[in-house]
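So the chains spell out like this:
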Amino acid sequence: MAAKLLNDSKGSSSSDELFSHLVEQRVLSDRRNIISDRADKIAEVVYRSVIVILDKVSELEPRFTVSEILKVGSYFEGTKIDKIDEFDFLVVIKELSKSGAIHINKMPGPYYEGYLKEPGMVQIKLQDDDLKMKWKKYVVDNFLIGFQQLRDTHKWRQNMFGSFVLESIKIIAKTKHEWKDLVFDPGSNMFYYRGGLTLLSNSGFERVILKAAEVRHPNTVLVLEYDGSEISVDLSSAIRYDRVEDCFEAGDCVDERLAAAVLDRGSILLVAKQGTTFRITFTETEVKFMRDEIHGVHKLIYMYLKYIKSLYAKIIPVQQPFSSYMLKMVCIHHDIRCTTENKTVAKCLDEVVDLMTDYCENGDLQNVFNTRLTYLKIYDTESEYRLCMLDGLRTIKEFAVENPTEAYFIEVIQDVVEQSVKTYDISRKYFLEVG
Ligand SMILES: [Zn+2]
């Protein structure tokens, strides 16, 4: 009897290990383009290109002089999968980020907006009279507007952060005589019919070409081309705010360790949302947590979930079961509560999938930094699709454990995803919604 038990447990632990190894191999294989010298080089030239543009922006509009260009997003977090195709930066506005420059208002102001009712949103007032004078054209009813379109008039649009990005690009193009095929709408976008603008050039072969730029309110997106890859670059303007206690209570965090990390950092970032509403973000703490602090097994699970999610998204492009952000929140929740001693992907994945099922069924997934902010509503059209993916994850594991070879794993993933999408009738959902 004892011997049989021993065998059983031995058997299950090795199938655990084999499955964990398969997931790890799959993720590594999906990251082979990300962890490479070429990717490092791309990250570096993209960053330098952003500096070229922002230098020109501050010449045109000194108010938008930046003190920091923060590298955020999954590449810098170390969780990017698939292709090296996007980078995110937060552009910190120097003058407004000085200590005491602004103060915040959590209550809806006279310029009322629905967004402010969401937890984690604030409005910003400028502190001293000099600053008020200087930023006058960016203030409405005493509140700072988020460097973006507030009213649909030409005058407003030309004063926004994104439109200065476009203007800067236009000027660079003119000085370089590379504006022949440029199509330019000062308010919202510009693109090249063919060719593009050389932003950086080390040699004839090593050129960063700008193909397009678009103001999306509140962010601005550049499309660059380098070494045969097309890269989308997201720029969002932000204000660093050092009175963290004004907008953060440790009790809002799901965990003391996370709360301490927010407080230790000593500042948070306010990112423009809409009109005069800004979002309180903990981006830097989050990036650091995902990069250095989350358990390696949980980080692997996060990337595996993103990979499976991307397969679902490929089949029904208009809908994805979960956003990457939701998956990240789930993995942080699990990381905080995980008590498994010898963590393996196999063991922790089961728990993560169960946790996700709970969240989906209860329609409640809290933001780990602000528990008043929740995602996943039960009656969302996507909720059934989410359960599909969770079933898919379980089925994939069941099959893979039976025959743990890499070739079979790839085949099973593809088959299960395709089969499970068939059980979800998107057209029926669509007509129910519309009807
Ligand atoms: Zn775990």
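Residues numbered from 1 in each chain as written. Predicted model: local features only at pLDDT ≥ 70, side-chain atom pairs only at ≥ 80, totals over all residues. Heavy atoms only, no water.

### Things to note about the pairing of strand β2 (residues 86-93)
Stage number 1. By the criterion of burial, β2 is predominantly enclosed, with six of the eight residues buried.
Stage number 2. In this structure, strand β1 (residues 66-72) lies alongside β2, joined through six bridges in antiparallel fashion. Bridging across to β2, Glu68 finds its partner in Val92.
Stage number 3. One ladder, built from seven bridges, connects β2 with strand β12 (residues 229-241); its direction is parallel. Looking at the pairing, Val91 lines up with Ser237 of β12. (Buried < 20%, exposed > 50% of the residue type's maximum accessible area, 1.4 Å probe, protein only. Helix = DSSP H or I, 4+ residues; strand = E, 2+ residues; numbered from the N terminus. Pairing = 2+ DSSP bridges.)

### Quick notes on helix α8 (residues 256-265)
Stage number 1. Every buried residue belonging to α8 is among Leu258, Ala259 and Val262, and all of these are buried. Projection of α8 onto a plane perpendicular to its axis shows the buried side chains occupying an angular sector of 100°, all on one side. Summarising the geometry of α8, the exposed residues directed more than 90 degrees from the buried face are Glu256 and Asp264.
Stage number 2. Turning to α8, the residues buried within the fold contact α7 (244-247), β13 (268-274), α9 (283-293) and α11 (324-337). (Arc of directions from axis to C-beta. Contact = heavy atoms within 4.5 Å.)

### Observations regarding the coordination of the zinc ion
Stage number 1. Within the protein, His298 (NE2), His334 (NE2), Cys338 (SG) and Cys348 (SG) serve as the donor atoms for the zinc ion, at 2.1 to 2.3 Å.
Stage number 2. Taken together, the four donor atoms coordinating the zinc ion span angles of 97 to 117° at the metal, a pattern that classifies the geometry as tetrahedral.
Stage number 3. Here the donor residues of the zinc ion are spaced in sequence according to H-x35-H-x3-C-x9-C. With Cys338 in the loop between α11 and α12 (345-362) and Cys348 in helix α12, this residue pair connects regions lying 10 residues apart in the sequence. Accessibility assignment for this pair places Cys338 and Cys348 in one class, buried. (Donors = N, O, S within 2.8 Å, 3.2 Å for Na, K, Ca; no water. Tetrahedral: all angles 85-135°; square planar, octahedral: opposite > 155°, others 65-115°.)

### Focus: the pattern of salt bridges
Stage number 1. Counted according to the given criterion, the structure contains 26 salt bridges.
Stage number 2. The shortest N-O distance in the salt bridge between Lys132 and Asp129 comes to 3.9 Å. With Lys132 and Asp129 both in helix α4 (residues 129-134), this residue pair falls three residues apart, about one helical turn.
Stage number 3. The residue Glu293 makes a salt bridge to Lys288 at a minimum N-O spacing of 2.9 Å.
Stage number 4. For Glu293, a relative accessible area of 36% translates into the label partly exposed. (Salt bridge = Lys/Arg side-chain N within 4 Å of Asp/Glu carboxyl O.)

### Describing unusual backbone geometry
Stage number 1. One non-glycine residue with positive phi stands out, namely Asp141, at about 50°.
Stage number 2. Looking at where Asp141 falls in the secondary structure, it is placed in the loop between β5 (139-140) and β6 (143-144).
Stage number 3. The class for Asp141 is partly exposed, based on a relative accessible area of 41%.
Stage number 4. With a phi angle near 50°, Asp227 is a residue other than glycine that sits in the positive phi range.
Stage number 5. Since its relative accessible area comes to 48%, Asp227 is described here as partly exposed.

### Some details on the environment of Leu373
Stage number 1. By the secondary structure assignment, Leu373 is in the loop between β15 (365-366) and β16 (374-375).
Stage number 2. Among the residues examined, Leu373 registers a relative accessible area of 22% and is labelled partly exposed.
Stage number 3. In contact with Leu373, not counting residues within four places along its chain, are Pro119, Leu365, Gln366 and Asn367.

### Let's talk about the nonpolar core
Soluble globular proteins tend to bury their nonpolar side chains together.
Stage number 1. Formed by 128 residues in total, the largest nonpolar core has its most connected members in Phe87, Leu222, Leu270 and Tyr304.
Stage number 2. Looking at this core, the element that brings in the most residues is helix α10 (residues 296-315), giving 11 residues.
Stage number 3. Inspection of this core shows a minimum of three residues originating in each of domain 1 (37-238) and domain 2 (294-427).
Stage number 4. Counting eight residues, the second-largest nonpolar core is a separate cluster that includes Val72, Leu90, Val271 and Val287. (Core = buried A, V, L, I, M, F, W, Y, C linked by side-chain atoms within 4.5 Å. Domains from an automatic or database assignment.)

### So, the packing of aromatic side chains
Stage number 1. What the rule picks out here adds up to 17 aromatic pairs.
Stage number 2. For the ring pair Phe76 and Phe87, a centre distance of 5.7 Å and an interplane angle of 50° mean the geometry is tilted. With Phe76 in helix α3 (residues 73-77) and Phe87 in strand β2, this residue pair connects regions lying 11 residues apart in the sequence. Assigned by exposure class, Phe76 and Phe87 land together as buried.
Stage number 3. Ring pairs connect the aromatic residues Tyr47, Tyr75, Phe76, Phe87 and Phe89, which therefore count as one cluster.
Stage number 4. Cation over ring: Lys71 sits above Tyr47, and NZ or CZ is 4.3 Å from the ring centre. (Phe/Tyr/Trp six-rings, centres within 6.5 Å; stacked < 30°, edge-to-face > 60°. Lys NZ or Arg CZ within 6 Å of the ring centre and 35° of its normal.)

### Regarding the packing of α10 against α12
Angle between the axes and distance between the axes: these two values describe a pair of packed helices.
Stage number 1. At a closest axis distance of 10 Å, the pairing of α10 and α12 adopts a crossing angle of 60°. Considered as vectors, α10 and α12 are oriented oblique to each other. When the axes of α10 and α12 are compared, the crossing they make is right-handed. Residues Val297, His298, Leu300, Ile301, Tyr304 and Leu305 of α10 lie in contact with α12, whose contacting residues are Val345, Cys348, Leu349, Val352 and Met356.
Stage number 2. Each residue belonging to the contact of α10 with α12 can be placed in one class, and the counts come to 10 nonpolar, one polar and no charged. (Axes fitted to C-alpha atoms, helices over the stretch in contact; angles between N-to-C directions. Parallel < 35°, antiparallel > 145°, perpendicular 65-115°, else oblique. Left-handed = near helix turned anticlockwise from the far one by under 90°. Nonpolar A, V, L, I, M, F, W, Y, C, P; charged D, E, K, R; others polar.)

Keep in mind that these numbers describe shape and distance, not what the molecule does.
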